[in-house]
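# Structural overview for review
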Amino acid sequence: MPQTYLTRIGSLIRDARRHKGMTQSDLAELLGTSQGAVTRIEQGKQNLSLDMLAKIGDALDSEFVSLGHSGPQHLRIVGGQKLTGSIDVKTSKNAAVALLCAALLNRGRTTLRNLARIEEVNRILEVLASIGVRTRWLPDSSDLEIVPPARLDLADIDVAAARRTRTVIMFLGPLLHEHASFQLPYAGGCDLGTRTVEPHLSALRSFGLEVTATHGFYEARSDRSVNPERAIVLTERGDTVTENVLMAAARHAGTTVIRNASPNYMVQDLCFFLEKLGVRIEGIGTTTLTVHGVSEIDMDVEYSPSEDPIEAMSLIAAAVVTDSAITIRRVPIEFIEIELATLDGMGMKYDLTPEYRSANGKTRLVDLTTIPGPLRAPTDKIHPMPFPGLNIDNLPFFALVGAVAEGSTMIHDWVYENRAIYLTELTKVGAKVQLLDPHRVIVEGPTRWRAAEVVCPPALRPGVVVLLAMLAAPGTSVLRNVYVINRGYEDLAERLNALGATIEVFRDI
């Protein structure tokens, strides 16, 4: 590379490193090189290969070098190896996105401790930055500091980032008390079929919010003289609709009763956070929430979200499909008990430690050690239910478990119109999966896994299911375009490698 380009690239790398709050030593450790090499790179005094540029970009979450365009990220997996060792469950993706939205309620500084550093969070941070919210990762940590402006600039919202996440719909609850009118781009995210926003709009009408859809935007108008006159009964026990109504109720200076509320893990995290903001909430963990809101919130607050039960199930599935004994630490046991009971019925063995508390002081955790052994298909279908039932996001992992069990396992995904279809991608790596209709599949096990090259399904959990199946398939598999996995999992390939997997991240050139 010419010296001028090396100097310019070095400056970009230095600025990106500082923005992340990393030292040269931190970056060197991530790259597997010396601090002196990082110094030379930042000074423009070291030649750089395209592979090293890609590694630096991954380490800094920064596509600062573009070869015409930023190519998709792929994974190369050498399968057929058992996993060993211990791994910690990261904090919840779904709690993180709710808390980022809830930070808009607070005029003071919000610090979220040990936040999931995933693409979904990155998209929301881009949206927040575009409307004037200052955010920064604190040095040498995954702690995020959020400071709002005196007035949000909603006219400058980053439409491209907003369209890549469904979370933007949860801006409605925090914004309706501050803005008489505003617009939000249509929500995006996983391709899981039509998911109506009507339950959100119906519930928020109790606070005077009216929303119409025009030209790719939600056009919102808020009449702040309107207050809930009776209990708000949600037409579906959805997580995000419950969170949206909670955030609206938090700034309503009165009492709001929410019935048929979701008591799921991310909703509980949001309730605990709102309590730190001075909002009193009765009934946390039940389907009836009574919220005593406050008209103004202006305080410096810290909160630590709890661990992710979906990631915990992912790691259990990784152990099952590879027939491995691993210890999964910091499992939020309250939110995975039905999954474990289902696995019990299939013959799975595991050990649990005594319970202890998450950093939020509320959520019950255990360490779980898997014990390899044969599994049998369940006698009844496996299907999700609202909490405390089997979590809808954990359902796809049972297709993987069913693929290693003896017999026929029916998976009934009644919530989404077409997510079950993506589970048929497991056939490409050797599984026997029969699609009965858009909601049901039958999986025949056990499976003789085989390596393959597969384009990642456009839905988060089915994508991870295919990745985990590839861990079991002898030989080298390739999973292409894994952005959807990065939306919900932090450093998943690297963390599985620490357990003995062989997963290489690469891009086409």
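None of these values were measured; they are calculated from a predicted model.

On to helix H6 (residues 119-130). Here H6 is 12 residues long and its end C-alpha atoms lie 17 Å apart, about the 16 Å a rise of 1.5 Å per residue gives. Counting buried positions along H6 gives nine out of 12 residues, so the element sits mostly inside the fold. Here H6 has its buried residues at Glu119, Glu120, Val121, Asn122, Arg123, Ile124, Leu125, Val127 and Leu128. In this structure, the buried residues of H6 make contact with helix H5 (93-102), strand E4 (134-137), strand E5 (144-147), helix H7 (159-163) and helix H17 (483-488). At the exit of H6 stands glycine 132, carrying a positive phi of roughly 105 degrees.

The next subject is the sheet that holds strand E8 (residues 217-222). Read from one edge to the other, the open sheet built from three strands follows the order E6-E8-E7, with strand pairing classed as antiparallel. Taken across any chain shown, the strands that pair with only one partner, and hence form the sheet edges, are strand E6 (181-185) and strand E7 (209-214). Between one strand axis and the next, the sheet turns by 25 degrees as a mean value, whatever way the strands run. Relative to E8, E7 is paired through six bridges, and the arrangement is antiparallel. In the strand pairing of E8, threonine 212 is matched with glutamate 219.

Let us look at unusual backbone geometry. In the segment running from phenylalanine 387 into proline 388, the intervening peptide bond is cis, with an omega of 15 degrees. One can find proline 388 in the loop between strand E17 (364-371) and helix H14 (395-404). That bond from glycine 445 to proline 446 is cis: its omega, 0 degrees, falls within 30 degrees of zero. Inspection of the secondary structure assignment puts proline 446 in the loop between strand E20 (440-445) and strand E21 (453-455). Phi is positive for asparagine 114, close to 55 degrees, though the residue is something other than glycine. Tracing the backbone through its elements, the reader meets asparagine 114 in the loop between strand E3 (110-112) and H6. Its relative accessible area of 45% is what places asparagine 114 among the partly exposed residues.

A cluster of nonpolar residues, Met385, Trp414 and Val415, forms a patch on the protein surface that exposes about 280 Å² of accessible area. As for its position among the elements, valine 415 is in the loop between strand E18 (407-412) and helix H15 (419-422). By relative accessible area, valine 415 is classed as partly exposed at 35%.

The rules behind each value
- Residues numbered from 1 in each chain as written.
- Predicted model: local features only at pLDDT ≥ 70, side-chain atom pairs only at ≥ 80, totals over all residues.
- Heavy atoms only, no water.
- Helix = DSSP H or I, 4+ residues; strand = E, 2+ residues; numbered from the N terminus.
- Expected span 1.5 Å × (residues − 1).
- Buried < 20%, exposed > 50% of the residue type's maximum accessible area, 1.4 Å probe, protein only.
- Contact = heavy atoms within 4.5 Å.
- Pairing = 2+ DSSP bridges.
- Axes fitted to C-alpha atoms, helices over the stretch in contact; angles between N-to-C directions.
- Patch = residues over 30% accessible without salt bridge, like charges linked within 9 Å, V, L, I, M, F, W, Y side chains within 5 Å.
- Areas by Shrake-Rupley, 256 points an atom, 1.4 Å probe, with all protein chains shown as cover.
- Salt bridge = Lys/Arg side-chain N within 4 Å of Asp/Glu carboxyl O.

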